[in-house]
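# Understanding the architecture of this molecule
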Amino acid sequence: MADSKENFEPFDFYRTGMGFTWSESSFLWRNNNEEFLKLSDYGITKQDVYSYEQLIKQRRQEAAERHKIYVHRSNFFKVMAVLLLVFIFFFIVGHFNDFMRGYGKLFDILCYPVYIGLIWVSYKYAYPYLAFVIESAQEKFEEARNYPNNGHPDGYDPRIEKYFNDLLWKLREHPLV
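Cut-off values and rules
- Residues numbered from 1 in each chain as written.
- Predicted model: local features only at pLDDT ≥ 70, side-chain atom pairs only at ≥ 80, totals over all residues.
- Heavy atoms only, no water.
- Helix = DSSP H or I, 4+ residues; strand = E, 2+ residues; numbered from the N terminus.
- Contact = heavy atoms within 4.5 Å.
- Areas by Shrake-Rupley, 256 points an atom, 1.4 Å probe, with all protein chains shown as cover.
- Expected span 1.5 Å × (residues − 1).
- Buried < 20%, exposed > 50% of the residue type's maximum accessible area, 1.4 Å probe, protein only.
- Polar contact = N/O pair within 3.5 Å; in protein donor to acceptor, adjacent residues only side chain to side chain.
- Core = buried A, V, L, I, M, F, W, Y, C linked by side-chain atoms within 4.5 Å.
- Salt bridge = Lys/Arg side-chain N within 4 Å of Asp/Glu carboxyl O.
- Patch = residues over 30% accessible without salt bridge, like charges linked within 9 Å, V, L, I, M, F, W, Y side chains within 5 Å.
- Phe/Tyr/Trp six-rings, centres within 6.5 Å; stacked < 30°, edge-to-face > 60°.

### Some points on the overall build of the protein
Secondary structure assignment for the protein yields four helices and zero strands. Of the regular secondary structure in the protein, the N- to C-terminal order runs α-α-α-α. Long-range pairs, those at least 24 residues apart, make up 79% of the contacts in the protein between residues at least 6 apart in sequence. Of the roughly 12,400 Å² of accessible surface on the protein, a fraction of 62% belongs to carbon and sulfur atoms.

### Notes on helix α4 (residues 158-173)
Taking 1.5 Å per residue as the helical rise, α4 with its 16 residues ought to reach 22 Å, and the 23 Å between its terminal C-alpha atoms agrees with that figure. Listed in full, the buried residues belonging to α4 are Ile 160, Glu 161, Tyr 163, Phe 164, Asp 166, Leu 167, Leu 168 and Leu 171. For α4, the side-chain oxygen to backbone nitrogen distance between the N-cap and Arg 159 is 3.2 Å, and the N-cap itself is Asp 157.

### A closer look at the nonpolar core
With 22 residues, the main nonpolar core has Phe 27, Leu 28, Tyr 163 and Phe 164 as its most contacted residues. For this core, the secondary-structure elements that each account for two or more residues are α2 (46-99) and α4. In terms of residues, this core owes the most to one element, α4, which gives six residues. In this view, Phe 164 contacts Phe 11, Met 18, Phe 27, Leu 28, Val 49, Tyr 52 and Ile 56; residues no more than four positions away in its chain are not counted.

### A few points about the pattern of salt bridges
Pairing is possible between side chains of opposite charge, provided their charged atoms come close. Counted by the stated rule, this structure contains four salt bridges. One salt bridge connects Glu 62 with Arg 59, and the closest N-O pair in it is separated by 3.9 Å. With Glu 62 and Arg 59 both in helix α2 and three residues apart, this pair spans about one turn of that helix. When its relative accessible area of 28% is taken as the criterion, Glu 62 is described as partly exposed. Residue Arg 59 is classed as buried on the basis of its relative accessible area, which comes to 19%.

### Considerations on the environment of Val 71
Inspection of the secondary structure puts Val 71 in helix α2. Look at Val 71 and you get partly exposed, because its relative accessible area is 28%. For Val 71 and Glu 135, which are 64 residues apart along the polypeptide, the C-alpha to C-alpha distance reads 8.7 Å.

### Some words on a nonpolar patch on the surface
A cluster of nonpolar side chains, Phe 76, Phe 77, Val 79, Met 80 and Leu 83, forms an exposed patch at the surface whose accessible area comes to about 500 Å². Take Leu 83: it is sitting in helix α2.

### Brief notes about the packing of aromatic side chains
With the rule as written, the count across this model stands at 13 aromatic pairs. Arranged with centres 5.1 Å apart and planes meeting at 70°, the rings of Phe 13 and Tyr 14 form a pair that is edge-to-face. In this structure Phe 13 comes out as buried when scored by relative accessible area, which is 2%. Aromatic pair Tyr 163 and Phe 164: ring centres 6.0 Å apart, planes at 45°, arrangement tilted. Here Tyr 163 and Phe 164 have matching classes, each one buried.

Now the structure itself:
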């Protein structure tokens, strides 16, 4: 029993597998004859559930299209971050070389390990940090767009969501044999 509580994931509008048909791949199919939960106990009908299922399908398709757009924008900003790091590198190298111009060739030779170290720091620390910031911003924008109404998607129906959560819990307790 403790194992089922640890593995239980509540219904998520965009992530829970629906199957989108009353087939074996849909968790709704398992309660087709209302064996586990009665729809009337939640004040809903099969038509309400079907309409909500279609709304979920439509919203997920829209979210998938937006996700592609956000990924492309994120990639663009990552390329811009790389260009920024290259610009900063050449700015530092150029400024440092101009500053140290009078010290001779030996000093220039000793500076090359510093340049390699600067490239390594940019690759190992600066770019991953910038990529993390860009991906975090992308996730925040997607979450804000997907869940605009106090953390709920457009068309949210608490009765049907409660039914889905309870049904997922019941099905977790009674797995297919």
